[in-house]
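Structural overview for review
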Amino acid sequence: SLPAKLINGGIAGLIGVTCVFPIDLAKTRLQNQQNGQRMYTSMSDCLIKTIRSEGYFGMYRGAAVNLTLVTPEKAIKLAANDFFRHHLSKDGKKLTLLREMLAGCGAGTCQVIVTTPMEMLKIQLQDAGRIAAQKKLMAAQAQLSSSSATGAAGPAVETRTTATQITRELLRSKGIAGLYKGLGATLLRDVPFSIVYFPLFANLNKLGQKDPSAKAPFYVSFLSGCVAGSTAAVAVNPCDVIKTRLQSLQRGVNEDTYSGILDCTKKIWQKEGPMAFLKGAYCRALVIAPLFGIAQVVYFIGIAEFLLDMLPKHRA
């Protein structure tokens, strides 16, 4: 039933995001740093420096936004894929690869309604620590190089902002369109992701089914979700880099600004080289693999069906 699908998708999203959010934070910061102003050399270096400068909970900056909106996002994505697969199937026959890809395309298109503002707010909060650390480092270097240290200004202090403050400012200055900055880049990432992910998962999951009418074992669904998720994540990583850059409202010292997808692509290619489009790819794979593995296990086990079945018994 639709309520069961929505509950399953929501539970899966909450569990998955909680487990992998620090890696997602590292991915955002690695993707946003540009040549000449590199604060981090790798995922582990980013997480270690984040803990040292911002504490353990610094790794979860922006998690509240994700945890709030991931339930409707995952629910829409998983339920929409099932909806399109159902309507594209003919008399219960097996879907062709093209129809599976079309179903994934529909699911990816539907989810951006929630994904775009969620990613927009999350990126501002995740990247704030990197920008503050960069400004602090630049101020410290300026102090050391200055001959008159007595008159030098102190290190830059980060002003903490919340998702609510960012939302209010965007709505006040740009209206609802402010929350949907980078919509085109989000579509460019999520639609191909879903086109790759859902057919690949469905076919990998079928390999573990002893009987076509029975569900695959939970470990098969988990592994299928991990493999399909990481494959799709790496495949669309260039689009994710572009989306992250476009949605960042604040820039570090001497970092480029972009007017659109083509301008962003051109500047990254010319100034940072083609390998820059793979920044954070392994982080993204590490985020997506368990996230979708967990999501598919919860979704296919059907925790919601159990909860909904218990409600009448409890009332009785």
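Not measured: the values here are computed from a predicted model.

Looking at the nonpolar core
- Ranked by internal contacts, the top residues of the largest apolar core, which has 30 residues, are Met 43, Phe 193, Tyr 197, Ile 288, Leu 291 and Phe 292.
- Looking at this core, the elements that each hand over two or more residues are helix 1 (2-32), helix 2 (43-54), helix 3 (63-88), helix 7 (183-207), helix 8 (218-235) and helix 11 (281-301).
- It is helix 1 that contributes the most residues to this core, six residues altogether.
- Leaving out residues up to four positions away in the same chain, Ile 288 has contacts with Phe 193, Gly 229, Ser 230, Ala 233 and Gly 293.

Comments concerning the pattern of salt bridges
- Scanning the entire structure with this criterion turns up 19 salt bridges.
- The shortest N-O distance in the salt bridge between Arg 29 and Glu 54 comes to 2.9 Å. Highlighted residues: Arg 29 in helix 1 and Glu 54 in helix 2, separated in sequence by 25 residues. We note that Arg 29, like Glu 54, is buried.
- Connected through salt bridges with shared partners, the residues Asp 24, Lys 27, Glu 119, Lys 122, Arg 189, Asp 190, Asp 240 and Lys 243 form a single ionic network.

Observations regarding the side chain of Lys 77
- Within the element layout of this structure, Lys 77 appears in helix 3.
- As a buried residue without a salt bridge, Lys 77 has its nearest oppositely charged side chain in Asp 190, at a separation of 5.5 Å.
- A polar side-chain atom of Lys 77 sits 3.0 Å from a polar atom in the side chain of Gln 111.
- If we ignore the near neighbours within four places in the chain, the residues touching Lys 77 are Ala 107, Gln 111, Phe 193, Ser 194, Phe 198 and Phe 292.

Description of the packing of helix 3 against helix 7
- Taken N-terminus to C-terminus, the directions of helix 3 and helix 7 make an angle of 70°; their axes are 12 Å apart at the nearest point. Judged by the angle between their axes, helix 3 and helix 7 are roughly perpendicular. Contacts between helix 3 and helix 7 involve Lys 77, Leu 78, Asn 81 and Arg 85 from the first element and Phe 193, Ser 194, Phe 198 and Ala 202 from the second.
- Its residues placed into classes, the contact of helix 3 with helix 7 shows four nonpolar, two polar and two charged.

Regarding the packing of aromatic side chains
- Here the structure, examined in full by the defined rule, presents eight aromatic pairs.
- Here Phe 21 and Tyr 60 contribute two aromatic rings whose centre-to-centre distance is 6.0 Å and whose plane-to-plane angle is 15°, an arrangement assigned as stacked. Of this pair, Phe 21 sits in helix 1 while Tyr 60 sits in the loop between helix 2 and helix 3, and the two are 39 residues apart along the sequence.
- When its relative accessible area of 1% is taken as the criterion, Phe 21 is described as buried.
- For Tyr 60, a relative accessible area of 23% gives the class partly exposed.
- Relative to Phe 84, the ring of Phe 83 lies with its centre 5.4 Å away and its plane at 75°, an arrangement referred to as edge-to-face.
- Given a relative accessible area of 26%, Phe 84 falls into the partly exposed group.
- Taken together through their ring pairs, the aromatic side chains of Phe 21, Tyr 56, Phe 57 and Tyr 60 make up a single cluster.

Some remarks on helix 9 (residues 237-247)
- Of all the eleven residues making up helix 9, ten are buried; the element is thus mostly covered by neighbouring parts of the structure.
- Taken as a whole, helix 9 has its buried residues at Asn 237, Cys 239, Asp 240, Val 241, Ile 242, Lys 243, Thr 244, Arg 245, Leu 246 and Gln 247.

Reading guide: rules and limits
Residues numbered from 1 in each chain as written. Predicted model: local features only at pLDDT ≥ 70, side-chain atom pairs only at ≥ 80, totals over all residues. Heavy atoms only, no water. Core = buried A, V, L, I, M, F, W, Y, C linked by side-chain atoms within 4.5 Å. Buried < 20%, exposed > 50% of the residue type's maximum accessible area, 1.4 Å probe, protein only. Helix = DSSP H or I, 4+ residues; strand = E, 2+ residues; numbered from the N terminus. Contact = heavy atoms within 4.5 Å. Salt bridge = Lys/Arg side-chain N within 4 Å of Asp/Glu carboxyl O. Lys, Arg positive; Asp, Glu negative; His and termini not counted. Polar contact = N/O pair within 3.5 Å; in protein donor to acceptor, adjacent residues only side chain to side chain. Axes fitted to C-alpha atoms, helices over the stretch in contact; angles between N-to-C directions. Parallel < 35°, antiparallel > 145°, perpendicular 65-115°, else oblique. Nonpolar A, V, L, I, M, F, W, Y, C, P; charged D, E, K, R; others polar. Phe/Tyr/Trp six-rings, centres within 6.5 Å; stacked < 30°, edge-to-face > 60°.

Keep in mind that these numbers describe shape and distance, not what the molecule does.
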